[in-house]
Amino acid sequence: MDEKGTVEILLVGDGPQVFSLSREQLESRGCRCHFARSQRGLEELLNQKQFDIVLTIHRIEGSSTDWLGAALSGSRTTLFYALPVEVGCWWVPVLRVGTECFGDPALRPREFSDVLNDIVHEIRTTAAKTVS
């Protein structure tokens, strides 16, 4: 969360269409979304700021994003990978506030939407307690 109380989101993928519904949902809740479509762009953004939530696909412009879990472990970042299915995608939780959550079930779009809302609420609640 930035100094103004905005939840910072990083979307990582070949194109924004993968994240269109999630992006609309997050921006309607006052989150600021950033987008990386290459390994270099991803690394630059991660070096510039701390993100509360990262949503990613496994490959971007010929490169893998498998290293993200290890890189963000221990931070305050929540990380989900998109798992393409026949129609759309399911979301696999990898980190929840920097803690591994391997073994948690993949989430269908409706479930993911609800969980995303809960996470944004938790981030804001935690930040408000820290400021108080």
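A short tour of the structure in this document, coming up. (Residues numbered from 1 in each chain as written. Predicted model: local features only at pLDDT ≥ 70, side-chain atom pairs only at ≥ 80, totals over all residues. Heavy atoms only, no water.)

Details of the environment of Q39
Inclusion rule: The numbering of helices and of strands both runs from the N terminus, where a helix is a DSSP run of H or I of at least 4 residues and a strand a run of E of at least 2. Only heavy atoms enter the contact rule, under which two residues are in contact if any of them lie within 4.5 Å. Within 3.5 Å is the distance limit for a polar contact, defined as a pair of N or O atoms, with the added protein rule that one can donate a hydrogen and the other accept it, and that residues adjacent in sequence qualify only through two side-chain atoms.
Assignment of secondary structure puts Q39 in helix α2 (residues 39–48). When the C-alpha atoms of Q39 and I60 are compared, they prove to be 6.8 Å apart, with 21 residues separating the residues in sequence. Not counting residues up to four positions away in its chain, the partners in contact with Q39 are I60, S63, S64 and W67. Of the polar contacts made by the side chain of Q39, one reaches the side chain of E43; its length is 2.8 Å. Within the structure, Q39 has its side chain in polar contact with the side chain of W67 (distance 3.5 Å).

A closer look at the nonpolar core
Short version of the rule: Note on terminology: a nonpolar core comprises buried Ala, Val, Leu, Ile, Met, Phe, Trp, Tyr and Cys residues joined through side-chain atoms within 4.5 Å. Note on classification: 1.4 Å probe, protein chains only; a residue is buried when its accessible area is under 20% of the maximum for its type, exposed when over 50%, partly exposed between these limits.
The biggest cluster of nonpolar side chains holds 34 residues, and the ones touching the most others in it are I9, L10, L26, I53, V54, L55 and W91. Mapped by element, the contributors of at least two residues to this core are β1 (8–12), β2 (32–36), α2, β3 (53–56), α3 (68–72), β6 (78–84), β7 (89–96) and α4 (109–131). The dominant element in this core, judged by the number of residues it contributes, is α4, at five residues. Beyond its immediate stretch of four places on either side in the chain, L26 contacts I9, C31, C33, L55, L116 and V120.

Here's the deal with helix α1 (residues 20–28)
Residues separated by three or four positions in an α-helix point in the same direction, a consequence of the helix having 3.6 residues per turn. Selection rule: Taking the helix axis as origin, the arc is that swept by the directions to the C-beta atoms.
Those residues of α1 lying buried are S22, Q25 and L26. Take α1 and look down its axis: the buried residues cluster within an arc of 95°, on one side only. Opposite the packed face of α1, turned more than 90 degrees from it, sit the exposed residues E24 and S28. Following α1 by one or two positions, G30 adopts a phi angle in the positive range, close to 85°.

Side note on unusual backbone geometry
Although it is not a glycine, V97 sits at a positive phi angle of roughly 50°. One can find V97 in the loop between β7 and β8 (99–100). Overall, V97 belongs to the partly exposed group, its relative accessible area being 47%.

Honestly, that's just the spatial picture; any functional story needs more than this.
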